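# An overview of the molecular structure
Given next are the chains, with one letter for each unit.
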Amino acid sequence: MTAKITTEDFNEVKEIFNKIDRDRDEYICDYELQEALKEAGHDIPGYKVREIITKLDRNNDNRISFDEFLEIVKSLRGSEIAKTFRTVLNKKEGILAIGGTSELSSEGTQHSFSEEERFAFVNWINMALAADPDCQHVLPMDPNSDDLFNKVCDGIVLCKMINLSVPDTIDERAITKKKLSKFTAQENLNLALNSASAIGCHVVNIGATDLREGKPHLVLGLLWQIIKIGLFADIELSRNEALAALLRDGETLEDLMKLSPEELLLRWVNYHLENANWSKISNFSSDIKDSKAYFHLLNQISPKGTEEDQPPIHIKMDEFNERDDMRRAEAMLQQADRLGCRQFVTPKDVVNGNPKLNLAFVANLFNKYPSLTKPEGDDIDWGLLEDETREERTFRNWMNSLGVNPHVNHLYGDLNDALIILQLYGKIKVDVEWDKKVNMPPYPKLGSKMKKLENCNYAVELGKRSNFSLVGIGGQDLNDGNPTLTLALVWQLMRRYTLQILEDLGDGQKVNDNFIVKWVNQTLAEAGKTSNIQNFKDKNISSSIAVLDLIDAIEPKSINQDLVKTGALSECDKLENAKYAISMARKIGARVYALPEDLVEVKPKMVMTVFACLMGRGLNRISKNQSCQQVLTN
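What you see is a predicted model, and the numbers here were worked out from it, not measured in a lab. (Residues numbered from 1 in each chain as written. Predicted model: local features only at pLDDT ≥ 70, side-chain atom pairs only at ≥ 80, totals over all residues. Heavy atoms only, no water.)

## What about the overall build of the protein?
Scanning the protein from terminus to terminus reveals 30 helices and 4 strands. Put simply, the protein has 634 residues, and 51% of those count as buried. Considering only intrachain contacts with a sequence separation of at least 6, the fraction spanning at least 24 residues in the protein is 60%. Put simply, the protein shows about 29500 Å² of open surface, and 47% of that area lies on carbon and sulfur atoms. (Helix = DSSP H or I, 4+ residues; strand = E, 2+ residues; numbered from the N terminus. Buried < 20%, exposed > 50% of the residue type's maximum accessible area, 1.4 Å probe, protein only. Contact = heavy atoms within 4.5 Å. Areas by Shrake-Rupley, 256 points an atom, 1.4 Å probe, with all protein chains shown as cover.)

## Some details on the packing of aromatic side chains
Aromatic ring pairs are defined here through the distance separating the ring centres and the angle between the ring planes. Per the counting criterion, the structure on display carries 10 aromatic pairs. These aromatic residues form a ring-pair network of at least three members: Trp 278, Phe 295 and Phe 320. (Phe/Tyr/Trp six-rings, centres within 6.5 Å; stacked < 30°, edge-to-face > 60°.)

## Things to note about helix α22 (residues 448–465)
Quick reminder: α-helices carry 3.6 residues per turn. Residues three or four places apart thus point the same way. With 18 residues, α22 should reach 26 Å at 1.5 Å per residue; the first-to-last C-alpha distance of 26 Å fits that figure. Buried within α22 we find Ser 448, Leu 453, Asn 455, Cys 456, Tyr 458, Ala 459, Val 460, Leu 462 and Gly 463. Buried residues in α22 make contact with α20 (419–427), α21 (434–437) and α23 (475–480). Just downstream of α22 lies Asn 467, where phi reads positive at about 65 degrees. (Expected span 1.5 Å × (residues − 1).)

## Quick word on the side chain of Arg 396
Mapped onto the fold, Arg 396 is located in helix α18 (residues 390–401). Discounting residues that sit within four places of it in the chain, Arg 396 has contacts with Glu 388, Val 408, Asn 409 and Leu 411.

## Regarding the confidence of the model for the protein
Summarising the model, the protein shows a mean pLDDT of 87, and 82% of its residues fall at 70 or more. For the stretch residues 76–95, pLDDT sits under 50, and the model shows 31 contacts to residues farther than four places along the chain or on other chains. With pLDDT under 50 throughout, residues 623–629 is counted as low confidence; its partners more than four residues away or in other chains account for 16 contacts. (pLDDT = per-residue confidence, 0-100.)

## Concerning the layout of surface pockets
Estimated volume of the second largest pocket: approximately 310 Å³. For the second largest pocket, the lining is made up of 14 residues, of which Arg 496, Leu 499, Glu 503, Lys 510 and Val 511 are closest to its centre. Here the residues of the lining of the second largest pocket are counted per class, giving 4 nonpolar, 6 polar and 4 charged. (1 Å grid on protein atoms, 1.4 Å probe; cavity = no way out; pocket = protein on both sides within 12 Å on 5 of 7 lines; lining within 4 Å. Points joined across faces, edges and corners; volume = space filled by probe spheres on them. Nonpolar A, V, L, I, M, F, W, Y, C, P; charged D, E, K, R; others polar.)

## Overview of the pattern of salt bridges
Side chains carrying opposite charge are able to pair once their charged atoms draw close together. Using the criterion set out here, one finds 33 salt bridges in the structure. Among the ionic pairs, Glu 251 bridges to Arg 267, the shortest N-O distance being 2.6 Å. Here Arg 267 lies in helix α13 (residues 261–275) and Glu 251 lies in the loop between α11 (216–232) and α12 (253–257), a separation of 16 residues in the sequence. On the basis of relative accessibility, which here comes to 25%, the residue Glu 251 falls in the partly exposed class. With a shortest N-O distance of 3.4 Å, Arg 390 and Asp 598 are connected by a salt bridge. A residue pair is termed long-range when its members are at least 10 positions apart, and Arg 390 in helix α18 and Asp 598 in helix α28 (residues 596–600) qualify at 208 residues. Note on Asp 598: relative accessible area 5%, which makes it buried. Residues joined by salt bridges that share partners form a network here, namely Asp 132, Asp 134, Lys 160, Glu 172 and Lys 177. (Salt bridge = Lys/Arg side-chain N within 4 Å of Asp/Glu carboxyl O.)

## With respect to the packing of helix α26 (residues 545–554) against helix α27 (residues 571–587)
At their nearest, the axes of α26 and α27 sit 9 Å apart, and the two run at 30 degrees to each other. With respect to α27, the axis of α26 lies roughly parallel. For the element pair α26 and α27, the recorded crossing hand is left-handed. Contacts from Ile 545, Val 547, Leu 548 and Ile 551 in α26 reach Asn 577, Tyr 580, Ala 581, Met 584 and Ala 585 in α27. Across the contact of α26 with α27, the residue classes break down as 8 nonpolar, 1 polar and no charged. (Axes fitted to C-alpha atoms, helices over the stretch in contact; angles between N-to-C directions. Parallel < 35°, antiparallel > 145°, perpendicular 65-115°, else oblique. Left-handed = near helix turned anticlockwise from the far one by under 90°.)

## Digging into the environment of Val 592
Topologically, Val 592 is positioned in the loop between α27 and α28. The exposure class assigned to Val 592 is buried, which follows from its relative accessible area of 1%. Along the chain, Val 592 and Asn 194 lie 398 residues apart, while their C-alpha atoms are 7.1 Å from each other. Excluding residues within four positions of it along the chain, Val 592 makes contact with Ala 198, Ile 582, Ala 585, Arg 586, Val 610 and Cys 613.

## Observations concerning helix α14 (residues 292–301)
With 7 of 10 residues buried, α14 lies mostly within the body of the structure. Residues Ala 293, Tyr 294, Phe 295, His 296, Leu 297, Leu 298 and Ile 301 constitute the buried set of α14. The inward-facing, buried residues of α14 contact α13, α15 (325–338), α16 (347–352) and α17 (355–368).

Take a look at the structure:
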């Protein structure tokens, strides 16, 4: 008998699957399963592993899809299989186990961290922040020690890394850089965490206390997300039109736009390998272990001296046929060093096929030497390339910060089977019947669109049951990626999520826009502030004075009034105030996703979320025991 599976179980099973699926191709192959079992202490011969795959493989394609994996879990006791695979994942070679003390973890739980990741990330930080005057008190860090975990505790390095990945996310004026105390360091960490969330990092299971205590697995997990966002920033067609050179015969620009950064990187490598007459790779783990693909890649992308300011760099292939894998990897990295790209991997990481660090290595190569030329011709519809709007980016980052799976890279394409939307329903406590009503990938070649459409129809049905305003919105609109109608549903999910946090703080007291406005004005008045708001369309909000005053009311003396511009304000003045306000809101603990421009332009939806998040922070600070109604009537 097949057991039902909850949304929480589904997400956990997906996480386990993804960790075993090292090359991120959405399948578990014999190599990945064999490596996972070996790390758990079960060195099983290849033919035995293939026998296991055959027994579990339901469509006889010699690999296990997530759908097959999920069905197996549902037919067993989920907790037992999860426990088994956690054991596999926590016993990796080169990984140190430490006792978990996070309040989100069970007492005595073993958390693991990778020495290789520590080494790679520390070296990247040392290079990236070497010239930053605000980081000289902690740099350079020793990559072979626990230096990293001790030196992120004041939050400055994390804030700086976030701004390197997504410039201007944090207003530098909001970072406390001198005369640091435990309290101001905690504020910096709050600022870093809430800003990381705003750029799409999943930080639900990380707290400022965890970072202050330097918990290795959490520090490394957060850093990887921040670094990856920066590495992937330009691996996107609207920001790099030369990527269109990777189009294959019969493909459209729209097909290429659907690929994730990881998929684009793989295609980029194979594009250059094909030009080198070398065999293609299918992953950044087993297929690159011998370094030979890397040798050819470096040779293809190295400068040929065709540009005036760029002298040629000839890649030496002398040790391409070196018999020892480790020596060959070292020789390859010496050539990468000549390009200024010896980052993230050591020879051991290459030979062991570390997928995460090799992905970072390749992304860095792409960013420095893409070696692509934008194709010319009338057969490409360049009009499809539109920059992501601020609203779209905000929604996408919000979804990713909640840990939806898969990661959302392209809002409309990644939502067209509604699986992300259905996960978001789970976040707002709407019951989703995953086993009965949801079609899971891989979808059949014939009928794929119909399966996705059924999911979309179900998503709209759940919205109507949840009293969303969905007039004129159908499943077909989600499936087609209709921007206006898709955003209308996503906004209502985000709004419900935001208000639900307030209702949870207020013992279920229903909250609406008027309720929030009333609380804001009352809080401002009680703090002796003269500012107020009429509604979320109030043009006076464009100065951000009301937001800054509210922050100061919630956390007295947190705002440096010398930095606040008043009087007749120019657009530049307003933007400076807004940048400071957004960063300070995050610093006092409000998880704000809106951007400074949203305040300056008084975008009502985003303005509402700013005040709602501040209200949540205020209520949490004032009293955890009083209801919203009690607070408002005191």
